Amino acid sequence: MKSKYELHPALMNNTYPLKIRIQKQSSNGYIHWHENLEMLYFLEGECNVINGNEELFVKSGEIVIFNSEAVHYLKAKDNPCKYIIVQLDTTYFEAMGFNISDSNIKKIINDQEIGAILKNALTEQENALPYYQESVKAMMMEVLVIIFRKYLEEDTKSNELSNKLKLIKKVAKYVKRHYDEELTVERISEECGYSRFYISKTFKEITGFTVVWYINAARIEKAKSLLKNGDLSMGEIALQCGFGNQSYFGKVFKRIENISPHEYKAKNRH
């Protein structure tokens, strides 16, 4: 059975039900959502973040919190941003008493205490001394205590907005499953049961991007994986990712990633 969520792969287990790592972002992210709680602690740079139905400007020292099931992604600026990303398993931490699924946590905070804990947790994980997993889990519990004491808000999301977010998720899921096929807004509208106009308008309103842009972004995400890990030709990658020809693939790739597929492959080959 397929999950209704965009799950973090290879993330959740009872031994170490979290991920924490450093990440740099120099291009637009990928629209997604998931059941788990996610935090980004920005160390350098600045960017715009789509978090649910809001676009937030985030700078160094601030923490963005993505609530369970919130549609989100990053919109990069000219200079790359660097942040600590933390992903916490909902099931595990709810068993510890934190109701992540039904809580509405403030979307952006500036809390030096939490920031210091996240830095310490990352260092603990990187050093990997005996019992480091227990230590990091304890730190994440401390972070959640602070968040649930200081940053819970009322959920004021309207039914209309909730329905729009559900539609965005449905469109995104359909594109992700059919990116390698001939895919149009008309086909998506037939699948989702809404008019082409309504889907286009709603998608743009919530995400800031067109459906066509998202289709191309989904295809480029797959292409990036093939460029890094496979030995296919550019023409083969273009066809496998739903592009009609290599020339168009190259143009779209450069428009989204700001470098050509050949340059990307040279920089990212394992």
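Rules used in this analysis
- Residues numbered from 1 in each chain as written.
- Predicted model: local features only at pLDDT ≥ 70, side-chain atom pairs only at ≥ 80, totals over all residues.
- Heavy atoms only, no water.
- Salt bridge = Lys/Arg side-chain N within 4 Å of Asp/Glu carboxyl O.
- Buried < 20%, exposed > 50% of the residue type's maximum accessible area, 1.4 Å probe, protein only.
- Phe/Tyr/Trp six-rings, centres within 6.5 Å; stacked < 30°, edge-to-face > 60°.
- Axes fitted to C-alpha atoms, helices over the stretch in contact; angles between N-to-C directions.
- Helix = DSSP H or I, 4+ residues; strand = E, 2+ residues; numbered from the N terminus.
- Parallel < 35°, antiparallel > 145°, perpendicular 65-115°, else oblique.
- Contact = heavy atoms within 4.5 Å.
- Nonpolar A, V, L, I, M, F, W, Y, C, P; charged D, E, K, R; others polar.

Student: How would you sum up the pattern of salt bridges? Please name residues and give values.
Tutor: One pass over the structure, following the stated rule, counts nine salt bridges. A salt bridge links Glu62 to Lys59; the nearest nitrogen and oxygen atoms lie 3.1 Å apart. Overall, Lys59 belongs to the partly exposed group, its relative accessible area being 39%. Connected through shared salt-bridge partners, Glu221, Lys224 and Glu257 make up one network.

Student: Any details on the packing of aromatic side chains? Residues and values, ideally.
Tutor: Counting across every chain of the model gives 12 aromatic pairs. Ring centres of Tyr92 and Phe93 lie 5.0 Å apart, and the angle between their planes is 80°; on these two criteria the pair is classed as edge-to-face. Just as Tyr92 is buried, Phe93 falls in that class too. One aromatic cluster is present, formed by Phe243, Tyr248, Phe249, Phe253 and Tyr264 through successive ring pairs.

Student: Residue-level account of the packing of helix 7 (residues 211-229) against helix 9 (residues 246-257), with values.
Tutor: The interhelical angle for the contact between helix 7 and helix 9, taken along N-to-C directions, is 100°, at an axis separation of 10 Å. As judged from the angle between their axes, helix 7 and helix 9 are roughly perpendicular. Residues Trp213, Asn216, Ala217, Ile220, Ala223, Lys224 and Leu227 of helix 7 form the contact with helix 9, whose participating residues are Tyr248, Phe249, Val252, Phe253, Ile256 and Glu257. Looking at the contact of helix 7 with helix 9, its residues break down into 10 nonpolar, one polar and two charged.

That is the geometry; function is a separate question.
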